[in-house]
Amino acid sequence: MRKIVSVATVLSLFFVLGVYAKEITPVSITVHSLQKKTIVHKNGKKSVKWVKVAKVVPKDTVKYIDTITNNTNKTIDNIKIRNPINKNTFLIKNSEKSNMKFTVLYSINGGKTFAPSNKLFIKNKKGKKHLANVKEYNALEFTINKIPAHSKVNIEYQVKIK
Amino acid sequence: MKKAIFISILTASVSLFASGTQAGTDITNSATLSYSAGGVAQPDVTSNTDSFKVDKKIDMVLVTNDSNQVDVTPGQQDRITNYEFKNEGNENQYFKFTVDNLANGKEADYNSNKDNDDVKNLEIKCQYTDADGNKKTAGWANEFTIQVKQDTNATCQVRADIKTDAEGGKDTDVMNVELTATAVTDSSGNTAEKESSSDTQDKVDVVLADGVSGDTLGSSSSGKGDTPKDGKEVARSGYKIVTPVLSVTKTSCVVSDPVNDTNNPKRIPGAIIRYMFDIKNTGTGNVSDLNITDTIDSNLLTDNTKSSAKKEENVDSCNCSAEPSSSISDDTTVNGQDVTIEHINVANGGKHTCVSIETEIK
């Protein structure tokens with residue numbers, strides 16, 4: 001009987017530990033999107049509301065929100081979050097935000113390298129360089145110095161559907 | 001991992017449609033996170049993939065290229081008004097074209113002339129690009145349904161027959177017409193597209209966006225009959241009855257006589273007498289190809305009448321002593337005392353056409 005109880009205890013412990021291991025990912029990131037809706041009130045005034053993406057057509061604005069969660073007991077640092085910019089969208093300039101201090105870099109080569117906007121140059125067919133337009137960015141990278149233990153950080157940016 | 005995530009971007013092509021990303025296109029996004037813990041770089045973490053479909057945006061614009069009602073006269077047939085259409089949605093789309101007379105009191109898109117009569121036998125013709133990119137022509141017909149390629153224009157015409165005078169053709173008649181393009185679900189043209197009531201992230205919804213913004217045809221984006229977001233665009237043009245009102249004044253003056261020549265000449269035998277026909281048009285319609293016939297008094301010779309015939313069109317007044325500038329001997333026939341002058345034009349709005357011929361007193 002005692003043997004049966006100890007086996008059950010051990011099994012329960014494994015089960016609990018297993019669930020714990022599955023639920024508590026040390027550091028995680030999730031992405032979700034919201035759609036900009038302009039609401040016209042009865043008095044004629046307009047206000048902007050962000051709703052779950054549903055009816056999206058060209059020229060609509062979509063906001064992406066990345067949530068980074070540090071589930072560990074320690075501060076993590078040098079956090080870099082990279083998002084591609086879908087080919088059928090383009091980044092809206094200066095739409096990047098976060099609840100933490102951040103810097104942002106951009107890529108014009110599909111995320112191979114990132115640089116500040118004033119250092120991204122594109123060569124045309126004749127070899128002449130021009131400063132890349134925001135519509136030519138195809139990835140962006142947020143950098144956050146630290147995320148304290150057991151805390152969440154949101155970053156967000158907006159794109160327009162081509 | 002980083003390479004794998006971004007490789008799709010490197011092979012991406014740029015959207016070719018000015019009217020936007022095609023309906024049904026998936027927009028996906030997956031983020032990658034890198035970080036350090038205790039100064040040690042940790043393995044990258046990849047997020048979930050956020051995905052939604054671009055919905056079907058139904059958008060089009062239809063404008064008239066006319067800037068005024070087309071001038072017509074009672075009984076004319078196949079008189080044309082002109083329109084331009086563009087499928088500004090993000091998919092090839094079926095559109096049903098219909099045409100009808102506007103009700104009394106309704107205005108065309110370009111002015112405030114109110115409709116007060118109808119035209120007959122209205123028909124439409126459109127030249128457009130079909131879903132396969134082929135140039136096609138539909139019509140003439142009172143209505144038809146065509147599939148117009150995304151981002152392409154169509155040139156349309158409406159033709160109509162004008163009622164005869166007995167049916168009301170009068171100077172103030174205005175007959176406005178309305179061409180309508182309605183987005184429909186298929187080639188039968190029986191079912192109009194409707195905005196999807198439910199919002200779904202993973203399926204293609206229908207969004208009616210006509211008349212909202214960004215129309216790219218003409219100077220005005222929507223006509224007087226347009227309602228935004230109804231899946232329908234209308235353009236209004238029309239016809240206007242114009243009627244010339246003519247008056248003719250015939251005067252004479254002596255050009256020369258055998259004694260005084262041109263110095264204060266008198267109407268004596270051998271004197272040259274000029275007849276001036278002063279034709280004035282105070283109506284709203286121009287006159288073309290007017291003929292004048294006249295019988296010259298038998299005491300006058302018409303030997304040089306043909307060669308002396310002259311005219312001047314579109315002037316403010318006629319004066320017998322001032323000979324018109326253009327010879328019209330080729331348009332003048334003299335048969336005995338009967339004179340016929342052809343191909344005379346008289347502009348509307350009170351303008352004059354001066355026609356002169358010369359005779360000689362026997």
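1. Re the overall build of chain B
On a plain count of helices and strands, chain B comes out with two helices and 24 strands. Across the 362 residues that make up chain B, the buried fraction comes to 44%. Considering only contacts in chain B between residues 6 or more positions apart, those separated by 24 or more positions represent 72%. For chain B, the exposed surface amounts to about 17,100 Å²; the carbon and sulfur share of it is 44%.

2. Observations regarding the interface of chain B and chain A
If you look at the interface, chain B gives 45 residues, while chain A gives 42 residues. For the pair chain B and chain A, the summed buried surface comes to about 3,500 Å²; carbon and sulfur atoms form 58% of the total. For the pair chain B and chain A, the number of links is two salt bridges. With a shortest N-O distance of 3.6 Å, R82(A) and D44(B) are connected by a salt bridge. Of all the secondary-structure elements, those providing two or more residues to the side of chain B that touches chain A are α1 (2-10), β1 (26-37), β3 (45-53), β4 (56-58) and β14 (206-208) of chain B. Tallying contributions element by element places β1(B) first for the side of chain B that touches chain A, with 12 residues. When its residues are assigned to classes, the side of chain B that touches chain A shows 14 nonpolar, 20 polar and 11 charged. In the sheet, strand β4 (residues 76-84) of chain A pairs with β1(B) via five bridges, with the strands oriented antiparallel. Note on β1(B): the bridge partner recorded for K80(A) is S34(B).

3. Examining the domain arrangement of chain B
Annotation of chain B at the domain level lists domain 1 (3-54), domain 2 (58-241) and domain 3 (246-361). Domain 1 of chain B and domain 3 of chain B are separated by 86 Å when their C-alpha centres are compared.

4. Here's the deal with the confidence of the model for chain B
Residue and element names in this part refer to chain B. The share of residues in chain B with pLDDT of 70 or more is 89%, and the mean pLDDT across the chain is 88. Segment residues 1-15 is flagged for pLDDT under 50; beyond a separation of four residues in sequence, or across chains, it makes 24 contacts in the model. This prediction of the complex comes with two scores: 0.70 for pTM and 0.81 for ipTM.

5. Describing the pattern of salt bridges
Where charged atoms from two side chains of opposite charge come close, those side chains can pair. Tallying each qualifying case throughout the model produces 21 salt bridges over all chains. One salt bridge connects E141(A) with R82(A), and the closest N-O pair in it is separated by 3.5 Å. Taken together, the residues span a long stretch of sequence, with E141(A) in strand β10 (residues 139-147) and R82(A) in strand β4 at a distance of 59 residues. Both residues of the pair, E141(A) and R82(A), count as buried. In this structure, K229(B) and E195(B) form a salt bridge, with 3.6 Å as the shortest nitrogen-oxygen distance.

6. Description of the environment of N286(B)
All names here are of chain B. On the secondary structure map, N286 appears in the loop between β17 (272-281) and β18 (287-295). Placed 103 residues apart in sequence, N286 and A183 show a C-alpha to C-alpha distance of 41 Å. Ignoring any residue separated from it by four or fewer positions in sequence, one finds N286 in contact with N281, V346, A347 and N348. For N286, the side chain forms a polar contact with the main-chain nitrogen of N348, separated by 2.9 Å.

Conventions used here
Residues numbered from 1 in each chain as written. Chains lettered and ligands numbered in written order. Predicted model: local features only at pLDDT ≥ 70, side-chain atom pairs only at ≥ 80, totals over all residues. Heavy atoms only, no water. Helix = DSSP H or I, 4+ residues; strand = E, 2+ residues; numbered from the N terminus. Buried < 20%, exposed > 50% of the residue type's maximum accessible area, 1.4 Å probe, protein only. Contact = heavy atoms within 4.5 Å. Areas by Shrake-Rupley, 256 points an atom, 1.4 Å probe, with all protein chains shown as cover. Buried area = accessible area lost by both parts, 1.4 Å probe. Salt bridge = Lys/Arg side-chain N within 4 Å of Asp/Glu carboxyl O. Nonpolar A, V, L, I, M, F, W, Y, C, P; charged D, E, K, R; others polar. Pairing = 2+ DSSP bridges. Domains from an automatic or database assignment. pLDDT = per-residue confidence, 0-100. Polar contact = N/O pair within 3.5 Å; in protein donor to acceptor, adjacent residues only side chain to side chain.

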